[in-house]
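# Fold and contact review
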Amino acid sequence: MFETRPDRDAEVVLVGRSNVGKSTLMRELTGHSFETGGSPGVTTEPNHYDWTSEDFLITDLPGFGFMSGVPEDVRERIKTDVVRYIEENAGKILVGVLVVDGKAVIDIIDRHSGEREVPHDVEMFGFLQELGIPAVVAVNKMDKVDDRDERLDELAERLGLYPPWQQFDETLAPISAKRGSIGPLEAAVRHHLHEQQRDDLFKFF
Ligand SMILES: Nc1nc2c(ncn2[C@@H]2O[C@H](COP(=O)(O)OP(=O)(O)OP(=O)(O)O)[C@@H](O)[C@H]2O)c(=O)[nH]1
């Protein structure tokens, strides 16, 4: 882990609500061990690591949304910090990975959708796109989901992507971090990295 943000140009960030399995996923991606399943919302600062199979920085941003025992103003501050971090580093962030709980995400989104309310996950997805950062949604805990395609179609729809979800496999990556099956996420991230390398190459012509 690094104390402050290392001076590297290529970065992938991980964002997500509390308890979606971000630490479990980080362990799979980096080989480091992290505290998992402890009290939610323990991480309050960005943590930087090396992505083992690629030459870039992977940053675990603090979880946002509901955290039991954490006061509202602290939660708000964490979210503001996360947003600010992404804005300030947007030029270097190659991909934003939004981690969601595949079993719970639809209910959570629907519960928080209203006239004056945009659910955090939907908001974050839109925010990354607004900043021109390719977003990949790591739909975690798929081992708990029976009606897989139906769920993923529903999620696509909530994010403004027209089903069937399979059209968006660079954006929606069903995974199970706990079981170590994260292939779709690695493939989606690589897709965006290569696309950007290609764009960079074309700039010379
Ligand atoms: N069934 C299942 N459970 C998972 C999976 N990934 C993580 N979990 C469980 O979900 C719980 C939360 O996982 P964490 O990795 O601690 O989640 P987190 O997002 O880091 O949580 P915070 O520390 O609150 O930000 C733990 O009990 C994990 O074992 C998965 O793929 N499938």
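The residue count restarts for each chain, going from 1 along the sequence in the order it is written. Confidence filtering applies because this is a predicted model: local features only for residues at pLDDT of at least 70, side-chain atom pairs given and counted only at 80 or more, and all residues used for totals across whole chains, interfaces and linings.

Test applied: UniProt positions are given in the numbering used here, feature names are shortened, and annotations may be inferred rather than shown by experiment.
Under an unreviewed UniProt entry, the name given to the protein is Probable GTP-binding protein EngB, and the source organism is Natronomonas aquatica. Per UniProt, the comment on the protein under Cofactor (unreviewed entry) is "Mg(2+)".

### Comments concerning helix H1 (residues 22-30)
Rules: Put plainly, a residue is buried at 20 or more neighbouring C-beta atoms within 10 Å of its own, exposed at 12 or fewer, and partly exposed in between, counting only other residues' C-beta atoms, which are placed from the backbone. Runs of H or I in DSSP of at least four residues are treated as helices and runs of E of at least two as strands, each being numbered from the N terminus. Residue pairs qualify as contacts under a 7 Å threshold applied to their C-beta atoms, which are placed from the backbone.
In terms of residue burial, H1 counts as a mostly covered element, since seven of its nine residues are buried. Buried within H1 we find Lys22, Ser23, Thr24, Leu25, Met26, Glu28 and Leu29. Structurally, H1 contributes buried residues whose contacts are with strand S1 (11-16), strand S3 (57-60), strand S4 (93-101) and strand S5 (135-140). Of the residues trailing H1, glycine 31 is marked for its positive phi of about 80°.

### A look at the confidence of the model for the protein
This is how the line gets drawn: pLDDT measures how confident the predictor is about each residue, on a scale from 0 to 100.
A residue-level look at the protein finds 85% of positions with pLDDT of 70 or above and a mean pLDDT of 87. For this predicted complex, the interface confidence reaches an ipTM of 0.97, while the overall pTM sits at 0.90.

### Here's the deal with the sheet that holds strand S6 (residues 172-174)
The condition that has to hold: By definition, two strands form a pair when at least two bridges between them are found by DSSP. Convention adopted: a line fitted to C-alpha atoms gives each axis, helices being fitted over their contacting stretch, and angles between N-to-C directions are expressed from 0 to 180 degrees.
With mixed pairing, the six strands of this open sheet are ordered in space as S2-S3-S1-S4-S5-S6. Each edge of the sheet is formed by a strand with only one pairing partner; in this case those strands are strand S2 (47-50) and S6. The average angle at which neighbouring strand axes cross in this sheet is 25°, direction not considered. Against the sheet, helix H4 (residues 120-130) touches S1, S4 and S5, its axis set at about 170° to S4.

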